[in-house]
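# Notes for the structure review
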Amino acid sequence: MKPIKHVFLVFIIAILFCSCKDTSKNTSASSSDVTTETQSTERTGQAFIEDDESTTVLSIAMDSKDHTTLVAAVQAAQLENALVNAGPLMVFAPTNEAFAALPEGTVENLLKPENKDALANILKYHVTPGNYSKDFLKKFKKLGQANNDYVKVEVVDGEPMIGGAKILASIKAGNGIVHVIDKVLLPPTE
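Quick look at the structure, then. (Residues numbered from 1 in each chain as written. Predicted model: local features only at pLDDT ≥ 70, side-chain atom pairs only at ≥ 80, totals over all residues. Heavy atoms only, no water.)

## Thoughts on the side chain of Asn-175
Selection criterion: Labels follow the DSSP assignment, with helices taken as runs of H or I lasting at least four residues and strands as runs of E lasting at least two, numbered in each case from the N terminus. Should any heavy atoms of two residues lie within 4.5 Å, those residues are counted as being in contact.
Residue placement: Asn-175 occurs in the loop between β6 (165-173) and β7 (176-181). Here Asn-175 is in contact with Thr-55, Thr-56, Val-57, Leu-83, Val-84, Asn-85, Ala-86, Gly-87, Pro-88 and Leu-89, once residues within four sequence places are set aside.

## Considerations on the nonpolar core
What counts here: Only buried residues count toward a nonpolar core, which is a set of Ala, Val, Leu, Ile, Met, Phe, Trp, Tyr and Cys residues joined through side-chain atoms within 4.5 Å. Residue exposure (1.4 Å probe, protein chains only): buried if accessible area is under 20% of the type maximum, exposed if over 50%, otherwise partly exposed.
Ranked by size, the top nonpolar core spans 29 residues in total, and within it Val-57, Leu-70, Val-74, Leu-83 and Leu-123 carry the most contacts. Counting residues per element, the ones that place at least two in this core are α2 (57-62), α3 (68-76), β1 (89-94), α4 (96-100), α5 (106-110), α6 (116-124) and β7. Dropping the residues within four chain positions of it, Leu-70 is found in contact with Ala-61, Ala-93, Pro-94, Asn-96, Phe-99 and Leu-123. Counting 13 residues, the second largest nonpolar core, distinct from the first, contains Phe-92, Leu-137, Ile-177 and Leu-185.

## A word on the packing of aromatic side chains
Under the convention used in this document: The criterion for an aromatic pair is that two Phe, Tyr or Trp rings (for Trp, the six-membered ring) have centres within 6.5 Å, with stacked assigned to planes under 30 degrees apart, edge-to-face to planes over 60 apart and tilted to the rest.
Following the criterion strictly, the structure yields three aromatic pairs and no others. When the centroid spacing of 5.1 Å and the interplanar angle of 40° are considered together, the rings of Tyr-132 and Phe-140 count as tilted. Tyr-132 gets classed as partly exposed once you look at its relative accessible area, which sits at 26%. Under the relative-accessibility criterion, Phe-140 is labelled partly exposed at 23%. Feature note: the residues Tyr-132, Phe-136 and Phe-140 constitute an aromatic cluster, connected by ring pairs.

## So, the pairing of strand β4 (residues 150-156)
We apply this condition: Strands pair, by our definition, only if DSSP identifies at least two bridges between them.
Relative to β4, strand β3 (residues 142-144) runs antiparallel, the two sharing three bridges. Bridge assignment links Lys-142 to a residue of β4, and that residue is Lys-152. The hairpin turn running from β3 into β4, its antiparallel successor, is five residues long, and Asn-148 in that turn takes a positive phi close to 75°. Across four bridges, the pairing between β4 and strand β5 (residues 159-162) is antiparallel. Bridge pairing in β5 places Val-155 opposite Pro-160. What sits between β4 and β5 in their antiparallel hairpin is a turn of two residues, with Asp-157 showing a positive phi close to 55°.

## Notes on the sheet that holds β4
Either a parallel or an antiparallel arrangement is found when strands of a sheet pair, and the pairing is made through backbone hydrogen bonds. Stated formally: The axes are straight lines fitted to the C-alpha atoms, using for helices just the contacting stretch, and the angles between their N-to-C directions are given from 0 to 180°.
Here we have seven strands laid out as an open sheet, ordered β2-β1-β7-β6-β5-β4-β3, and mixed in their pairing. With one partner strand each, in any of the chains shown, β2 (127-129) and β3 form the two edges of the open sheet. The mean inter-strand angle of the sheet, taken between neighbouring strand axes irrespective of direction, is 35°. In terms of strand pairing, β6 meets β7 through six bridges, oriented antiparallel. Each bridged residue has a counterpart across the sheet, and for Ala-169 the counterpart in β7 is Val-180.

Here it is, written out as structure tokens:
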């Protein structure tokens, strides 16, 4: 009985060894493809796959005429790939009107390349891990945001207010949910 077990064990090890060899060949071929891609001036990543038909929180914003400022900010901060990850992600998406309500010159200043980190921090303050409906949000007192800060949740007249912003609409995505809000959320300053 023992010789049969030994032969079987050797056979399994041989199969695993051969499959590992094939994987390494495929990996080296993929590595050269990746090198070619990174040398290109085009931006790469999951956010830039054109034949992907899944709806993501990013594609919802990109398809909305009311979120062109938000999309421009996401692009300036180079956060597109983060918003197409598997998630679940809950994005609080300010409208163009919400951005327009900021003090004059604020958006233009944040879109400058030298302010990329500050812009990314503000945008990450609009993202929460999870996929909670508007009604479920009423159960929270605060939410942990992607920038490691917390945003306050209050219920006013039966409606959840996120950092003082009212949720105007909620749109489900393949990787989470987009809550359209009427105000830009600004992270707390130290």
